[in-house]
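The lines below spell out each chain.
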Amino acid sequence: MDSERIHSSPQCPPSSSPAWFTEAGSPHHRLQWQVTRTLYAGDSPYQHIEVLETEQFGTALVLDGILQTTAADEYIYHEMLALVPLLSHPHPARVLIIGGGDGGLAREVLRVPGVQDVVMVEIDRAVVEVARKFLPHHTAALDDPRLTIRYEDGVQYVAALDAADAFDVILVDATDPEGDGPGQVLYTTEFHRAIRAALLPEGVYAQQSGTPIYNPDVLTRVAHDVDREFPVCRVYWCTVPTYPGSLFTFTMGSLGPEPLVPIRRLPHGAPTRWYTPRIHAAAFALPPVVAELLPERVAAAQA
Ligand code: SAM
């Protein structure tokens, strides 16, 4: 997503003309969110971090000018990135999250039955600190005793893992590969190979693979990579209103479990706002315009 910040005034003083945060889905299409206040703006060693109060979607986290998550619609992305893989796995005891600094994914992972320990490898401590201050719903589970947060590069962490430290589920919740942010390294063939080596037998892997509306090449590249490295590769989708194009994909690799239908469920009555077992299955039903971007055997398995 080539994103450029067109305008957001740091203090957004009350004025007759409201302030707007603008993100470009492409050089030819922009999204704008009316901003009532900038709650935080600062540079970490890795990226420019902003927290904006938006009229329509509440508090929003923005990294290097790209909107990451908002209070109003974050549940869609985080429920789908956590619950589809974890409820496809028979015993997701050990889970690795790479990225995820806003805390939303860890919150969803930690509520799944059977999860015993979660390691979150987030390169930028400042994102976690800012999220704790301004995104309390996202970070509600960051003090769960089962969670360990490590502030380092996910690629280096995975490369240094030995077999004794392998995981049942690995989720990558990172910034996009575009631009020159720290997330680029998480979309390479070498990284997908290292991920496979870091999984236990029966392990599953999932990552966000962007919107095919603006970046079909990212989905194609990730799906072909994962399909080469894993015996089972699947792609599923959801809609995230605040992501340019709204249609958003995830790519999964599996060493065993077939994720097309969930094999487990959340405890009866566990509140979700997007995920249901039927949504899980429906998310793997791909429109032809998306299926055509994938390796043939993946598209055929999901036809
Ligand atoms: N969960 C949000 C969403 O809904 O898309 C966005 C994800 S989260 C804010 C993205 C995180 O990935 C950021 O905190 C960023 O610092 C982290 N990140 C990027 N590159 C990384 C790397 N190489 N290793 C670890 N974390 C990384």
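Predicted model only: the values in this text are computed from it and were never measured. (Residues numbered from 1 in each chain as written. Predicted model: local features only at pLDDT ≥ 70, side-chain atom pairs only at ≥ 80, totals over all residues. Heavy atoms only, no water.)

Participant: Could you give an account of the packing of aromatic side chains, with specific residues and numbers?
Facilitator: In this description, a pair of aromatic rings is defined by centroid distance and the angle of the planes. Taken as a whole, this structure holds 10 aromatic pairs when the rule is applied. For the ring pair Tyr-236 and Phe-284, a centre distance of 5.1 Å and an interplane angle of 45 degrees mean the geometry is tilted. Here Phe-284 lies in the loop between α7 (277-282) and α8 (288-291) and Tyr-236 lies in strand β11 (residues 232-239), a separation of 48 residues in the sequence. Comparing Tyr-236 with Phe-284 shows no difference in burial state: the two are buried. Judged by centre distance (4.7 Å) and plane angle (55 degrees), the ring pair of Tyr-243 and Phe-248 falls under tilted. With relative accessibility at 8%, the residue Tyr-243 sits in the buried group. Classification of Phe-248 as buried rests on a relative accessible area of 2%. (Phe/Tyr/Trp six-rings, centres within 6.5 Å; stacked < 30°, edge-to-face > 60°. Helix = DSSP H or I, 4+ residues; strand = E, 2+ residues; numbered from the N terminus. Buried < 20%, exposed > 50% of the residue type's maximum accessible area, 1.4 Å probe, protein only.)

Participant: Any details on the sheet that holds strand β6 (residues 94-99)? Residues and values, ideally.
Facilitator: With mixed pairing, the 7 strands of this open sheet are ordered in space as β8-β7-β6-β9-β10-β12-β11. Of all the strands in the sheet, just β8 (147-150) and β11 have a single pairing partner and so form its edges. The average angle at which neighbouring strand axes cross in this sheet is 15 degrees, direction not considered. Looking at chain direction, strand β9 (residues 167-173) and strand β10 (residues 199-208) are connected through 5 bridges and run parallel. (Pairing = 2+ DSSP bridges. Axes fitted to C-alpha atoms, helices over the stretch in contact; angles between N-to-C directions.)

Participant: Lay out the packing of helix α5 (residues 189-197) against helix α6 (residues 216-229) in plain terms, naming residues and giving numbers.
Facilitator: Packing of α5 against α6 brings their axes to within 9 Å, and their N-to-C directions diverge by 40 degrees. On the basis of the axis angle, α5 is oblique to α6. Regarding α5 and α6, the two cross each other, and that crossing is right-handed. Side by side, α5 and α6 meet where Thr-189, His-192, Arg-193 and Arg-196 of the first sit next to Val-222, Asp-225, Val-226, Arg-228 and Glu-229 of the second. Split by residue class, the contact of α5 with α6 holds 2 nonpolar, 2 polar and 5 charged. (Parallel < 35°, antiparallel > 145°, perpendicular 65-115°, else oblique. Left-handed = near helix turned anticlockwise from the far one by under 90°. Contact = heavy atoms within 4.5 Å. Nonpolar A, V, L, I, M, F, W, Y, C, P; charged D, E, K, R; others polar.)

Participant: Describe the sheet that holds strand β4 (residues 58-63), with residues and values.
Facilitator: Two pairing modes exist for strands in a sheet, parallel and antiparallel, and in both the strands are linked by backbone hydrogen bonds. Taken in spatial order, the 5 strands of this open sheet run β1-β2-β3-β4-β5, and their pairing is antiparallel. Strand pairing shows two members of the sheet lacking a second neighbour, β1 (19-26) and β5 (66-70), which therefore form its edges. Each strand axis lies, on average, 45 degrees off the axis of its neighbour in the sheet, ignoring direction. Note: β4 against β5, 4 bridges, orientation antiparallel. Bridging from a neighbouring strand, Leu-63 pairs with Ile-66 of β5. Along the sheet, helix α3 (residues 125-134) contacts β2 (29-43), β3 (48-54) and β4; its crossing angle with β3, the most-contacted strand, is approximately 20 degrees.

Participant: Which residues make up the domain arrangement of the protein chain, and what values do they have?
Facilitator: If you check the domain split of the protein chain, you get domain 1 (7-70) and domain 2 (74-301). Taken over C-alpha atoms, the centre of domain 1 sits 25 Å from the centre of domain 2. Listed per partner, the contact involves 23 residues of domain 1 and 20 residues of domain 2. Both faces combined, the contact of domain 1 with domain 2 buries some 1,900 Å², and carbon together with sulfur accounts for 68% of it. Looking at the side of domain 1 facing domain 2, the largest losses of area belong to Tyr-46, Gln-68 and Thr-69, adding up to 24% of the total buried there. Linking domain 1 with domain 2 are 0 salt bridges. Put simply, domain 1 and domain 2 have 6 residue pairs in polar contact (both at pLDDT 80 or more) between them. Among the elements of the structure, β1, β2, β3, β4 and β5 are those that each provide at least two residues to the side of domain 1 that touches domain 2. Across the side of domain 1 that touches domain 2, the residue classes break down as 12 nonpolar, 9 polar and 2 charged. (Domains from an automatic or database assignment. Buried area = accessible area lost by both parts, 1.4 Å probe. Salt bridge = Lys/Arg side-chain N within 4 Å of Asp/Glu carboxyl O. Polar contact = N/O pair within 3.5 Å; in protein donor to acceptor, adjacent residues only side chain to side chain.)

Participant: Would you mind going over α5 in detail, with residue names and values included?
Facilitator: Every buried residue of α5 is listed here: Phe-191, His-192 and Ile-195. End-on view of α5: buried residues confined to an arc of 100 degrees, all on one side of the axis. Those residues of α5 that are exposed and angled more than 90 degrees off the buried face are Glu-190 and Ala-197. (Arc of directions from axis to C-beta.)

Participant: Which residues make up the nonpolar core, and what values do they have?
Facilitator: Among the nonpolar cores identified, the biggest contains 47 residues, and Val-109 and Tyr-236 are the most heavily contacted of them. Among the elements that take part in this core, helix α1 (residues 74-86) stands out by supplying 9 residues, more than any other. Three or more residues apiece are contributed to this core by two domains, here domain 1 (7-70) and domain 2 (74-301). If we ignore the near neighbours within four places in the chain, the residues touching Val-109 are Ala-82, Leu-86, Val-95, Ile-97, Val-115, Val-118 and Leu-171. Membership of the second largest hydrophobic core comes to 33 residues, among which are Val-119, Tyr-157, Ile-195 and Ala-198. (Core = buried A, V, L, I, M, F, W, Y, C linked by side-chain atoms within 4.5 Å.)

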